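# A look at the structure
Below, each chain spelled out in residue letters.
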Amino acid sequence: MKCPRSQISATTEKQREQMRLYYQKNKKRILQQHAIYNEQHREERLQYFRDYNKSEKRRTARRTYYKRNLLRIRQQEAQRRKLRPWLFTLVNIRTRCTNPNRKSSSCYVGKGIRCFLSKEDVKELWERDRASTLAKPSIDRIDPKGHYTKENCRFIELAENSSRRKWKHLTN
């Protein structure tokens, strides 16, 4: 004799509730056990993920996923840019200052220019300079030889920043 479907869902709901209560009661102990396990098996786990990420199966899966979901991925990225546009600026700054493989790395990494900005700092700069009202906001270092700091940065139009850059190269 089969159980009615409503009984099955009620049972699973009851089990979920019990599991949730158990987790709440034992959360600290469970998290400690996870931390101990992760520390003991750290190298194994890292090697597994390295091997998996290098595998042809993973590369193929990534390409396939990207092709199938390209429109959705772009829409999500556009939505994130609208919500927090200053974060993309921060990511670009950090990449400029740390990645020696970029074309412009000699202008940043080679000269020792570093980023001392946090998310909150960039957001404050964005709001202070009203970058959301600019057509194409671009971050500018007031002193081109200085680091990316809150005091040395401002948002200006991309065209103005580009013209300043050309002028800087002619005077240096």
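Going by the structure above, here's the rest.
Not measured: the values here are computed from a predicted model.

## Comments concerning the packing of helix H5 (residues 85–98) against helix H7 (residues 119–128)
One way to put it is that H5 packs onto H7 with a least axis distance of 9 Å and a crossing angle of 120°. With respect to H7, the axis of H5 lies oblique. Every pair of crossing elements has a handedness; the one defined by H5 and H7 is right-handed. From H5, Pro85, Trp86, Leu87 and Leu90 reach across to H7, where they touch Lys119, Val122, Lys123 and Trp126. For the contact of H5 with H7, the per-class residue count stands at six nonpolar, no polar and two charged.

## Regarding the packing of aromatic side chains
Pairs of aromatic rings are described using the distance from one ring centre to the other and the angle between the two planes. Across all of its chains, the model carries five aromatic pairs by this definition. With 5.1 Å between their ring centres and 80° between their planes, Trp126 and Phe155 make a pair best called edge-to-face. Here Trp126, found in helix H7, pairs with Phe155, found in strand S2 (residues 153–157); they are 29 residues apart in sequence, far enough to count as distant. When sorted by exposure, Trp126 lands in the same class as Phe155, which is buried. Taken together, the aromatic side chains of Tyr48, Phe49 and Tyr52 make up a single cluster linked through ring pairs.

## What about the pattern of salt bridges?
Under the criterion given, the structure shown has nine salt bridges. When the shortest N-O distance is used, the salt bridge between Arg81 and Glu77 registers 3.7 Å. Taken together, the residues span about one helical turn, with Arg81 and Glu77 both in helix H4 (residues 70–83) at a distance of four residues. Assessed through its relative accessible area of 40%, Arg81 is described here as partly exposed. Glu77 gets classed as partly exposed once you look at its relative accessible area, which sits at 33%. Salt-bridge contacts for Asp129 lead to Arg128; the nearest nitrogen and oxygen are separated by 3.0 Å.

## Focus on a nonpolar patch on the surface
A cluster of nonpolar residues, Tyr48, Phe49 and Tyr52, forms a patch on the protein surface that exposes about 320 Å² of accessible area. Secondary-structure assignment places Tyr48 in helix H2 (residues 42–54). Tyr48 sits in the exposed class, given a relative accessible area of 52%.

## Observations regarding the layout of surface pockets
The calculated volume of the second largest pocket comes to roughly 230 Å³. The wall of the second largest pocket is formed by Arg81, Pro85, Phe88, Thr89, Asn92, Arg96, Trp126, Pro137, Ser138 and Ile139. Of all the secondary structure elements, the ones that give two or more residues to the lining of the second largest pocket are H5 and strand S1 (137–141). At five residues, H5 tops the list of elements feeding residues into the lining of the second largest pocket.

Rules behind the numbers
Residues numbered from 1 in each chain as written. Predicted model: local features only at pLDDT ≥ 70, side-chain atom pairs only at ≥ 80, totals over all residues. Heavy atoms only, no water. Axes fitted to C-alpha atoms, helices over the stretch in contact; angles between N-to-C directions. Helix = DSSP H or I, 4+ residues; strand = E, 2+ residues; numbered from the N terminus. Parallel < 35°, antiparallel > 145°, perpendicular 65-115°, else oblique. Left-handed = near helix turned anticlockwise from the far one by under 90°. Contact = heavy atoms within 4.5 Å. Nonpolar A, V, L, I, M, F, W, Y, C, P; charged D, E, K, R; others polar. Phe/Tyr/Trp six-rings, centres within 6.5 Å; stacked < 30°, edge-to-face > 60°. Buried < 20%, exposed > 50% of the residue type's maximum accessible area, 1.4 Å probe, protein only. Salt bridge = Lys/Arg side-chain N within 4 Å of Asp/Glu carboxyl O. Patch = residues over 30% accessible without salt bridge, like charges linked within 9 Å, V, L, I, M, F, W, Y side chains within 5 Å. Areas by Shrake-Rupley, 256 points an atom, 1.4 Å probe, with all protein chains shown as cover. 1 Å grid on protein atoms, 1.4 Å probe; cavity = no way out; pocket = protein on both sides within 12 Å on 5 of 7 lines; lining within 4 Å. Points joined across faces, edges and corners; volume = space filled by probe spheres on them.

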